[in-house]
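Each chain is listed here by its residues.
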Amino acid sequence: MDCIFCKIVAGKIPSLKIFENDHIFSFLDIGPLSDGHALVIPKKHHKFLHEMSEEESAEIGRALPKISKAIITATAAPGYNILQNNGNVAGQLVGHVHFHIIPREEEDGLGFRWNPKLYPENKAKLIQEMIMKELKL
Ligand code: AMP
Ligand code: ZN
């Protein structure tokens, strides 16, 4: 499989690794938005978050707080963003699930504001019902 992150996990491409266990690999982003910007990935290849098994998802859930804590302690950052893009339309450039941990500073100039909209009449309820049907609740 021609996936750059699979190659990093396999050690075929160098990376600055910060954490590894049986399921998870984490390394510094090659184009950091801030000092300590890191990526956390499952070792198994999936493009989308929703393709991961419950077990893999749980491993990600266990790793993220631990790695985040190490990063903000090491960098003394007062905050951070967790960013996870799915699909090209959402800005995913590398097609292997990855979570960004992005340390933030006061007035670091990175910004992060999206423009919220309002649902037209009844649309929210309709969408709620459609999603809950999929979740079989
Ligand atoms: P995304 O837009 O969410 O798919 O982000 C992909 C991220 O992967 C970007 O922040 C890149 O800087 C990063 N990236 C791409 N190639 C490498 C690499 N070889 N080592 C570390 N990070 C990488
Ligand atoms: Zn991959």
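Residues numbered from 1 in each chain as written. Chains lettered and ligands numbered in written order. Predicted model: local features only at pLDDT ≥ 70, side-chain atom pairs only at ≥ 80, totals over all residues. Heavy atoms only, no water.

Visitor: Looking at this structure, I do not really get the coordination of the zinc ion (ligand 2). What am I missing?
Guide: Octahedral metal centres with six donors ideally show angles of 90 or 180 degrees, and tetrahedral centres with four donors ideally show 109.5 degrees. Within the protein, Cys 3 (SG), Cys 6 (SG), His 45 (ND1) and His 96 (ND1) serve as the donor atoms for the zinc ion (ligand 2), at 2.0 to 2.3 Å. The sequence motif formed by the donor residues of the zinc ion (ligand 2) is C-x2-C-x38-H-x50-H. Within this pair, whereas Cys 3 is found in the segment before helix H1 (4-9), its partner His 45 is found in the loop between strand E3 (38-42) and helix H2 (54-75), the two being separated by 42 residues in sequence. (Donors = N, O, S within 2.8 Å, 3.2 Å for Na, K, Ca; no water. Helix = DSSP H or I, 4+ residues; strand = E, 2+ residues; numbered from the N terminus.)

Visitor: Even after reading the chapter, I still don't get the site of ligand 1, so can you show me in this structure?
Guide: Around ligand 1, a shell composed of 16 residues is seen, among which Asp 29, Gly 91, Leu 93, His 98 and His 100 lie nearest. At a separation of 2.8 Å, an oxygen atom of ligand 1 approaches a polar backbone atom of Gly 91. Elements supplying a minimum of two residues to the shell around ligand 1: H1 and strand E2 (24-28). A total of three residues in the shell around ligand 1 trace back to one element, the largest contributor, which is H1. Its residues placed into classes, the shell around ligand 1 shows nine nonpolar, six polar and one charged. (Near = heavy atom within 4 Å. Polar contact = N/O pair within 3.5 Å; in protein donor to acceptor, adjacent residues only side chain to side chain. Nonpolar A, V, L, I, M, F, W, Y, C, P; charged D, E, K, R; others polar.)

Visitor: For this particular structure, what's the right way to read the packing of aromatic side chains?
Guide: Each aromatic ring pair is summarised here by two numbers: the centre-to-centre distance and the angle between the ring planes. According to the stated counting rule, one finds three aromatic pairs in the structure shown. Seen in terms of ring centroids, Phe 5 and Phe 27 are 5.3 Å apart; in terms of plane orientation they differ by 80°. Their pairing is edge-to-face. Taken as a pair, Phe 5 in helix H1 and Phe 27 in strand E2 lie far apart in primary sequence, 22 residues in all. The burial state of Phe 5 is the same as that of Phe 27; both residues are buried. With a centroid separation of 5.9 Å and an interplanar angle of 55°, the aromatic rings of Phe 25 and Phe 27 are classed as tilted. As far as burial versus exposure is concerned, Phe 25 and Phe 27 are alike and both buried. Here the aromatic residues Phe 5, Phe 25 and Phe 27 are joined through ring pairs into a cluster of three or more. (Phe/Tyr/Trp six-rings, centres within 6.5 Å; stacked < 30°, edge-to-face > 60°. Buried < 20%, exposed > 50% of the residue type's maximum accessible area, 1.4 Å probe, protein only.)

Visitor: How do you make sense of unusual backbone geometry when you look at a structure like this?
Guide: The phi angle of most residues is negative, glycine excepted, and most peptide bonds adopt the trans form. Within the chain, Ala 76 stands out as a residue other than glycine whose phi angle is a positive 60°. Classification of Ala 76 by relative accessible area gives exposed; the value is 60%. Of note, Asn 122 is a non-glycine position whose phi angle comes to about 70°, a positive value. Along the chain, Asn 122 falls in the loop between strand E5 (99-104) and helix H3 (123-135).

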